[in-house]
Amino acid sequence: MAPEFTPLPTYKKFATLPPNLDPAKLPRHVAVIMDGNGRWARQRGLPRVMGHRQGTETLKDLLRCCKDWGIPALTVYAFSTENWQRPKEEVNFLLLLFENVLGQELAELMRQDVRLQFIGNLVDLPASLAEQIQRSMTLTQNNRGVTFTVATNYGGRQEIVQACQRIAMEVQCGHFSVDEITAELLERYLYTRGLPDPDLLIRTSGEMRVSNFLLWQLAYTEIYVTPTLWPDFDREEFYRALLAYQQRERRFGKI
Ligand code: FPP
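Procedures and definitions
- Residues numbered from 1 in each chain as written.
- Predicted model: local features only at pLDDT ≥ 70, side-chain atom pairs only at ≥ 80, totals over all residues.
- Heavy atoms only, no water.
- Helix = DSSP H or I, 4+ residues; strand = E, 2+ residues; numbered from the N terminus.
- Rg over C-alpha atoms; globule rule 2.2 N^0.38 Å.
- Buried < 20%, exposed > 50% of the residue type's maximum accessible area, 1.4 Å probe, protein only.
- Contact = heavy atoms within 4.5 Å.
- Areas by Shrake-Rupley, 256 points an atom, 1.4 Å probe, with all protein chains shown as cover.
- Lys, Arg positive; Asp, Glu negative; His and termini not counted.
- Charge placed at Lys NZ, Arg CZ, Asp CG, Glu CD.
- 1 Å grid on protein atoms, 1.4 Å probe; cavity = no way out; pocket = protein on both sides within 12 Å on 5 of 7 lines; lining within 4 Å.
- Points joined across faces, edges and corners; volume = space filled by probe spheres on them.
- Nonpolar A, V, L, I, M, F, W, Y, C, P; charged D, E, K, R; others polar.
- Pairing = 2+ DSSP bridges.
- Axes fitted to C-alpha atoms, helices over the stretch in contact; angles between N-to-C directions.

*Asks:* Sorry if this is basic, but what is going on with the overall build of the chain here?
*Replies:* Across its full length, the chain carries eight helices and six strands. Taken from the N to the C terminus, the helices and strands of the chain come in the order α-β-α-α-β-α-β-α-β-α-α-β-β-α. Its C-alpha atoms give the chain a radius of gyration of 19 Å, near enough to 18 Å, the size a compact globule of 255 residues would have. Classification of the 255 residues of the chain by burial places 47% in the buried group. Contacts in the chain between residues at least 24 apart in sequence constitute 77% of all its contacts with a sequence separation of at least 6. For the chain, the computed accessible surface area is about 13900 Å², with 54% contributed by carbon and sulfur atoms. Here the chain carries 30 positive and 30 negative side-chain charges, and the mean point of each set is 2 Å from the other.

*Asks:* Any chance you could explain the layout of surface pockets here in plain terms?
*Replies:* Where empty space is left becomes clear once a probe the size of a water molecule has been rolled over the atoms. Volume-wise, the largest pocket comes out at about 880 Å³. Lining the largest pocket are 40 residues, with M34, Y77, A78, F79 and F98 positioned closest to its centre. When contributions to the lining of the largest pocket are tallied by element, the ones reaching two or more residues are α2 (37-43), α3 (48-69), β2 (73-80), α4 (88-111), β3 (115-119) and β4 (147-154). Here the residues of the lining of the largest pocket are counted per class, giving 18 nonpolar, 10 polar and 12 charged.

*Asks:* Help me out: how do you make sense of the pairing of strand β5 (residues 200-203) in this one?
*Replies:* Every other side chain in a regular strand lies on the same face of the sheet, so the side chains alternate between the two faces. Residues L200 and I202 of β5 are buried on one face, and the alternating residues L201 and R203, pointing to the opposite face, are buried as well. Here four bridges tie β5 to strand β6 (residues 222-225), and the two strands are oriented parallel to one another. When the sheet's bridge partners are listed, I202 is paired in β6 with Y224.

*Asks:* What is the right way to look at the sheet that holds β6 in this model?
*Replies:* Within a sheet, adjacent strands bond to each other through the backbone by hydrogen bonds, running parallel or antiparallel. Pairing in this open sheet of six strands is parallel, and the strands run β3-β4-β2-β1-β5-β6 from one edge to the other. Two strands close off the open sheet at either side, each with one partner strand: β3 and β6. Between one strand and the next, the sheet's axes are offset by a mean angle of 20°, whatever the strand orientation.

Now the structure itself:
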């Protein structure tokens, strides 16, 4: 009997870099605002949290894809400082989801040589999640594959305010003077210290805003917005985003 036809999973269809993408012009750092989980679930008559669950699968494949295609840094917005205002059940679900996924995926992250970082105000997270985050960051800190940064309880304005406070304290202590404060110095006090600024920001579900994400770091980032809801953002969609990116002319303020 002839074997049944089963369509290839998306990740097999795009297992390697699509030929019309130029490997020399790939972004070094991609940032993503993963939006539309709730709408994805609602369209299917499911509870919102099922959108977050499916969105996690999307994220796992995007991370694998960055490794497969040679993109060294991926940063995602998982939980903003404003997200605490969502219904308590949804907040609890998300925080528990992060903790469970971390526990389940740690071995795989090691296998893929992923260096995991969390950025944001981590001290206000539940203790068990904060411990899991610390454990995962310590275990993966020497990995040299993709640097995967998860913004959790993160706000761009709060990040900049905190950097200013710490710099002011250094000045007060006499470690340096006011005129030594430069953009380069300020960057050393941001959570993203050591990472290049994102070359490409992807936002799903059609919203045209940056929502307090990486406000400093996005100064010259190319922005790509797609109407696709996050759980449906597959490798083909990523390919479209990278194609659009490679067609942009980046001038960084010059002519
Ligand atoms: C925005 O969609 C999505 C979030 C606030 C959560 C994103 C989190 C994940 C995809 C899970 C990531 C997992 C790990 C381990 C980092 P929304 O709920 O605002 O959607 P809506 O705009 O349609 O309501």
